[in-house]
Amino acid sequence: DVKVTQSSRYLVKRTGEKVFLECVQDMDHENMFWYRQDPGLGLRLIYFSYDVKMKEKGDIPEGYSVSREKKERFSLILESASTNQTSMYLCASSPGGGQEGTDTQYFGPGTRLTVL
Amino acid sequence: GENVEQHPSTLSVQEGDSAVIKCTYSDSASNYFPWYKQELGKRPQLIIDIRSNVGEKKDQRIAVTLNKTAKHFSLHITETQPEDSAVYFCAASNGNQFYFGTGTSLTVIP
């Protein structure tokens, strides 16, 4: 069974703080994704990575950066947190490789971040 | 880029009735269409998916249909039960990025 874990379920930070959200998957998946989930907006892609040290911008990358130094770990960084980054953050991974069935995404439990 | 629209945003049905959620997409290169169910406070879980080479797929009470020409796909839940109450998300993917709909909050009234 695929397991995707996130470092915190709830996090409260102050404006201007640097925030690290970590995601780990244990299935040797190639692809990893960070989304934020807001009411009425669904899931919006922030960044994704299809290989170690590779990253691609999603739809809303502004104010965020990512790091993937190891295959199993994908970190989302808020360099200077702002109140409009208060949200639920979901990490996901997929096997990758291009074959049918390798694009199914598996989600982590989410981190609810509040920026005061 | 891809644009996925999902309707309705909320849906209430009586237990035992059917529920239908519809999504449209804009990018003809999209070839994979998963549906996720998210219960309150939990992560989205894949419940069914369909690829562009198939028009319909069924798994017990859940079915998904795809119309490539019209660029729309739908989720059908028959004989609804209270445990089907959740938020459902559709998505479209071209193999790299996923684009999600805004979600449908389904309530099944006992």
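A short tour of the structure in this document, coming up. (Residues numbered from 1 in each chain as written. Chains lettered and ligands numbered in written order. Predicted model: local features only at pLDDT ≥ 70, side-chain atom pairs only at ≥ 80, totals over all residues. Heavy atoms only, no water.)

**Here we look at the overall build of chain B**
- Of the regular secondary structure elements, chain B holds zero helices and eleven strands.
- Sequence-ordered secondary structure for chain B, helices as α and strands as β, is β-β-β-β-β-β-β-β-β-β-β.
- Over its C-alpha atoms chain B spans a radius of gyration of 13 Å, differing by no more than 12% from the 13 Å that the globule rule assigns to 110 residues.
- Overall, chain B is about 40 × 25 × 20 Å in size when its C-alpha atoms are taken along their principal axes.
- Evaluated residue by residue, chain B yields a buried proportion of 44% over its 110 residues.
- Of the contacts formed within chain B by residues at least 6 apart in sequence, a portion of 52% connects residues at least 24 apart.
- When the accessible surface of chain B is totalled, it reaches about 5400 Å², and 45% of it is carbon and sulfur.
- Charge-centre separation for chain B: the mean point of 10 positive side chains lies 5 Å from the mean point of 12 negative side chains. (Helix = DSSP H or I, 4+ residues; strand = E, 2+ residues; numbered from the N terminus. Rg over C-alpha atoms; globule rule 2.2 N^0.38 Å. Buried < 20%, exposed > 50% of the residue type's maximum accessible area, 1.4 Å probe, protein only. Contact = heavy atoms within 4.5 Å. Areas by Shrake-Rupley, 256 points an atom, 1.4 Å probe, with all protein chains shown as cover. Lys, Arg positive; Asp, Glu negative; His and termini not counted. Charge placed at Lys NZ, Arg CZ, Asp CG, Glu CD.)

**Quick word on the overall build of chain A**
- Along the backbone of chain A there are zero helices and eleven strands.
- Each helix and strand of chain A, placed in order from N terminus to C terminus, yields the pattern β-β-β-β-β-β-β-β-β-β-β.
- A principal-axis box enclosing the C-alpha atoms of chain A has dimensions of 45 × 30 × 25 Å.
- Out of the 116 residues belonging to chain A, those deemed buried represent 50%.

**Some details on the pattern of salt bridges**
All names here are of chain A.
- The full count for this structure, using the stated rule, is ten salt bridges over all chains.
- In this structure, lysine 53 and glutamate 69 form a salt bridge, with 2.5 Å as the shortest nitrogen-oxygen distance. Of this pair, lysine 53 sits in the loop between strand 5 (42-49) and strand 6 (56-57) while glutamate 69 sits in strand 7 (residues 64-70), and the two are 16 residues apart along the sequence.
- Residue lysine 53 is classed as exposed on the basis of its relative accessible area of 59%.
- Note on glutamate 69: relative accessible area 51%, which makes it exposed. (Salt bridge = Lys/Arg side-chain N within 4 Å of Asp/Glu carboxyl O.)

**Considering the sheet that holds strand 7 (residues 62-67) of chain B**
Residue and element names in this part refer to chain B.
- Within the open sheet, the five strands sit side by side as 1-3-8-7-6. Their pairing is antiparallel. Edge positions in the sheet fall to strand 1 (5-7) and strand 6 (56-59), since each has one partner strand and no second. Across this sheet, the average inter-strand angle for adjacent strands is 15°, counted without regard to direction.
- Here strand 6 runs beside strand 7; their pairing, made up of four bridges, is antiparallel. Among the inter-strand pairings, aspartate 59 is bridged to a residue of strand 7, identified as isoleucine 62. (Pairing = 2+ DSSP bridges. Axes fitted to C-alpha atoms, helices over the stretch in contact; angles between N-to-C directions.)

**What to know about the interface of chain A and chain B**
- In this assembly, 23 residues from chain A lie in contact with 17 residues from chain B.
- In total, chain A and chain B occlude about 1700 Å² of area from one another, counting both sides; carbon and sulfur atoms represent 53% of this.
- Broken down residue by residue, the surface that chain A buries against chain B is led by Leu43, Asp103 and Phe107 of chain A, which jointly contribute 31%.
- Counting every contact that joins chain A to chain B gives zero salt bridges.
- Applying the counting criterion to the chain A and chain B interface returns six residue pairs in polar contact (both at pLDDT 80 or more).
- Residue assignment for the side of chain A that touches chain B shows that the elements contributing at least two residues are strand 4 (31-38) and strand 5 of chain A.
- At four residues, the largest contribution of residues to the side of chain A that touches chain B is made by strand 5 of chain A.
- Class assignment for the residues of the side of chain A that touches chain B results in ten nonpolar, eight polar and five charged. (Buried area = accessible area lost by both parts, 1.4 Å probe. Polar contact = N/O pair within 3.5 Å; in protein donor to acceptor, adjacent residues only side chain to side chain. Nonpolar A, V, L, I, M, F, W, Y, C, P; charged D, E, K, R; others polar.)

**Comments concerning the packing of aromatic side chains**
- All told, the structure shown has 15 aromatic pairs over all chains when counted by the stated rule.
- Between phenylalanine 33 of chain A and phenylalanine 98 of chain B the ring centres are 6.1 Å apart and the planes differ by 80°, which places this aromatic pair in the edge-to-face class. With phenylalanine 33 of chain A in strand 4 and phenylalanine 98 of chain B in strand 10 (residues 98-100), this residue pair bridges two chains. With respect to class, phenylalanine 33 of chain A is no different from phenylalanine 98 of chain B; both count as buried.
- An aromatic cluster of three or more residues is present, and its members are Phe33, Tyr35, Phe48 and Phe107 of chain A together with Tyr32, Tyr36, Phe98 and Phe100 of chain B. (Phe/Tyr/Trp six-rings, centres within 6.5 Å; stacked < 30°, edge-to-face > 60°.)

**Concerning the side chain of serine 75 of chain A**
Residue and element names in this part refer to chain A.
- Relative to the helices and strands, serine 75 resides in strand 8 (residues 73-78).
- For serine 75, a relative accessible area of 7% puts it in the buried group.
- Residue contacts for serine 75: discarding those within four places in its chain leaves Leu21, Glu22, Trp34, Ser65, Val66 and Ser67.

Purely geometric numbers; function is a separate question.
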